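Structural overview
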Amino acid sequence: MSENPPMTNQSDSLHSILDGTFQLFDDVLDRHDQQLQTHEIGTVTAVGRGVARADGLPNVQSEELLKFPGNVLGLAFNLDEDEIGIVLLDEGLELESGDEVRRTGRVLDVPVGEELIGRVIDPVGRPLDGHGPIRTLQRRSCEFEAPPIMDRAPVSVPLQTGLKVIDALIPIGRGQRELILGDRQTGKTAIAIDTILNQHDKDVLCIYCAIGQRNTAVARVVADLRERDALRYCVVVVAEGDSAPGLQFVAPYSAATIGEYFMAQGRDVLVVFDDLSTHARAYRELSLLLRRPPGREAFPGDIFYLHSRLLERSTHLAEELGGGSLTTLPIAETEAQNVSAYIPTNLISITDGQVYLSPDLFQKGILPAVDVGRSVSRVGGKTQLPAYRAVAGDLRLSYAQFEELEAFSRFSSRLDDETRATLERGRRVREVFKQPQYQPLSVPEQIASLVAINSGMFDELPVPRMRAAEQVVRRSVVEHHPDIFERALNGEKLTVEDQRALASTASEAVQTMTQEDRLDETSLK
């Protein structure tokens, strides 16, 4: 029997498939309307440290992304008549005069989305943690207008830092801008990290933005966050000290943009800018290299606008827009406690208060080294839980008076009994406000300590035994009165009976501890 018929059938089917494929190609080509597109390609005329100059791009936009050979990115900064000044977002060591520069047609933006949570990225959105690319399709412009007044709602919910001295005396609300101010090595970053760690059960997304920090310092912060399981609700944006000045300049805007995306989803966001003094110096360097006219302390004249347009994006949105909030904790560095320097005064006038850290307190081991007399919160007091106001209402004034009285008491050896009692109480209040790093306290624990110190439970204890006594009081009071603290967390006021019950339990705990100490002393004798 012949086998030709089956082969013929296969050949016919193959011809039909090929004919259909070619016909499909012909239809696509017929429908395709080829259009010519223009691409502006400029020429680099000069390259400096972190900046470049180019010509041949007549239609370039302000702050448009530009691309150089080797995928080096730049940002159109100066739009002069004859040439443009470009801020480089990469090192660009291989760039030289005569290289091509191309427009991208888009302004600087950053990827946003849930995929960023738990990641460490640079200000352009490139991953730095070695965990692979960030797979998100959404991007958002870094320069975004702050929400108008009519879209904002009053700051009404507290942001608990977990630090007694701040939550009791300098409270912060969600949607507030609270400046952390102080000299080098006074614990500014430590306060910000403790605040982030305290949000582990409060459904607050945290963004830590490191601007010009040393590589080791950034690595330590990331390691601390990972070790304490805080990266699961954090995004870390890093522009290291050896990064291009342009990256340091855009870093806080990228972090704010990521935070705004989550705020628009109705979430509460905390952003830490560490620190804006370094950011201002990077901007000054770029401005001087691009020949912008210098002003006070050689900073350009728009440095105030630079930071105000960033921090004005902090807000609490109205309920019809989701009710989300963006709280910012900008950090600024002072030199020799000079709070009246240009950048600190600018930031103080922009923000809603400041937490000032004193190097003198830091050297004495009083940590966190918060100077209560020079710190203030202009908004957070309205959001503070009523339970705090009941137990710490007069504590701020009396503590500030104690610090002033202590300074004058050094010049006198003869003190009356009232002054001596005030000093003894003040020293114990200061001891209560001391708090180790990475140990933020819950609201019930803080209130238990404040009730005890306000009621004079620690007045007869020697100062070295204060820490142990406070721990005993916190544990006992929180354990015996969960109903009172539940009402306090719900925003109810502490009644007189509640305060008496808490004070009674605290007193019993201190007495039990004192008796145990006496028994130990007797047994040793």
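First, a word on scope: everything that follows refers to the structure included in this document.

Calculation rules
- Residues numbered from 1 in each chain as written.
- Predicted model: local features only at pLDDT ≥ 70, side-chain atom pairs only at ≥ 80, totals over all residues.
- Heavy atoms only, no water.
- Phe/Tyr/Trp six-rings, centres within 6.5 Å; stacked < 30°, edge-to-face > 60°.
- Helix = DSSP H or I, 4+ residues; strand = E, 2+ residues; numbered from the N terminus.
- Buried < 20%, exposed > 50% of the residue type's maximum accessible area, 1.4 Å probe, protein only.
- Pairing = 2+ DSSP bridges.
- 1 Å grid on protein atoms, 1.4 Å probe; cavity = no way out; pocket = protein on both sides within 12 Å on 5 of 7 lines; lining within 4 Å.
- Points joined across faces, edges and corners; volume = space filled by probe spheres on them.
- Nonpolar A, V, L, I, M, F, W, Y, C, P; charged D, E, K, R; others polar.
- Salt bridge = Lys/Arg side-chain N within 4 Å of Asp/Glu carboxyl O.
- Axes fitted to C-alpha atoms, helices over the stretch in contact; angles between N-to-C directions.
- Expected span 1.5 Å × (residues − 1).
- Polar contact = N/O pair within 3.5 Å; in protein donor to acceptor, adjacent residues only side chain to side chain.

1. Some words on the packing of aromatic side chains
The full count for this structure, using the stated rule, is eight aromatic pairs. Considering the side-chain rings of Phe77 and Tyr283, the 6.1 Å spacing of their centres and the 80 degrees angle between planes classify their relative orientation as edge-to-face. Residue Phe77 is located in strand E4 (residues 72–79), and its partner Tyr283 is located in helix H6 (residues 276–289); the two are separated by 206 residues in the primary sequence. By the burial criterion, Phe77 is buried, and Tyr283 matches it. Among the aromatic residues, those joined into a ring-pair cluster are Phe77, Phe249, Tyr253 and Tyr283.

2. Quick word on the pairing of strand E13 (residues 268–274)
E13 sits mainly inside the fold: seven of its seven residues count as buried. Here E13 shows two buried faces, one formed by Asp268, Leu270, Val272 and Asp274 and the other by Val269, Val271 and Phe273. Pairing of strand E11 (residues 204–211) with E13, which is carried by seven bridges, proceeds in the parallel orientation. Within E13, the residue paired with Val204 across the bridge is Asp268. Of the pairings in the sheet, the one linking E13 to strand E15 (residues 325–333) comprises six bridges and is parallel in character.

3. Some details on the layout of surface pockets
There is about 870 Å³ of room inside the largest pocket. Lining the largest pocket are 33 residues, with Gln185, Gly187, Lys188, Thr189 and Ala190 positioned closest to its centre. Mapped by element, the contributors of at least two residues to the lining of the largest pocket are helix H3 (188–197), helix H4 (215–227), H6 and E15. For the lining of the largest pocket, the leading source of residues is H3, giving six residues. Taken together, 15 residues make up the lining of the second largest pocket; nearest its centre are Glu460, Leu461, Val510, Thr514 and Arg518. Here the residues of the lining of the second largest pocket sort into four nonpolar, five polar and six charged.

4. Looking at the pattern of salt bridges
For the coordinates displayed, the defined rule picks out 32 salt bridges. A salt bridge links Arg228 to Asp224; the nearest nitrogen and oxygen atoms lie 3.7 Å apart. A salt bridge links Arg427 to Glu424; the nearest nitrogen and oxygen atoms lie 3.2 Å apart. Highlighted residues: Arg427 and Glu424, both in helix H12 (residues 417–433), separated by three residues, approximately one helical turn.

5. Details of the sheet that holds E4
Here six strands make up a closed barrel; going around it, the order is E1-E2-E5-E4-E3-E6 and the pairing antiparallel. Adjacent strand axes in the sheet meet at a mean angle of 45 degrees, parallel and antiparallel pairs treated alike. Pairing of E4 with strand E5 (residues 84–88) involves five bridges; the strand directions are antiparallel. Note that in E5 the partner of Leu79 across the bridge is Ile84.

6. A word on H6
Along an α-helix, a turn takes 3.6 residues, which lines up residues three or four apart on a common side. Here H6 is 14 residues long and its end C-alpha atoms lie 20 Å apart, about the 20 Å a rise of 1.5 Å per residue gives. For H6, every residue scored as buried is listed here: Leu276, Ser277, Thr278, His279, Ala280, Ala282, Tyr283, Leu286 and Ser287. Measuring from the backbone nitrogen of Ser277 back to the side-chain oxygen at the start of H6 gives 2.9 Å, which picks out Asp275 as the cap. Looking at the residues trailing H6, positive phi occurs at Arg291, about 65 degrees.

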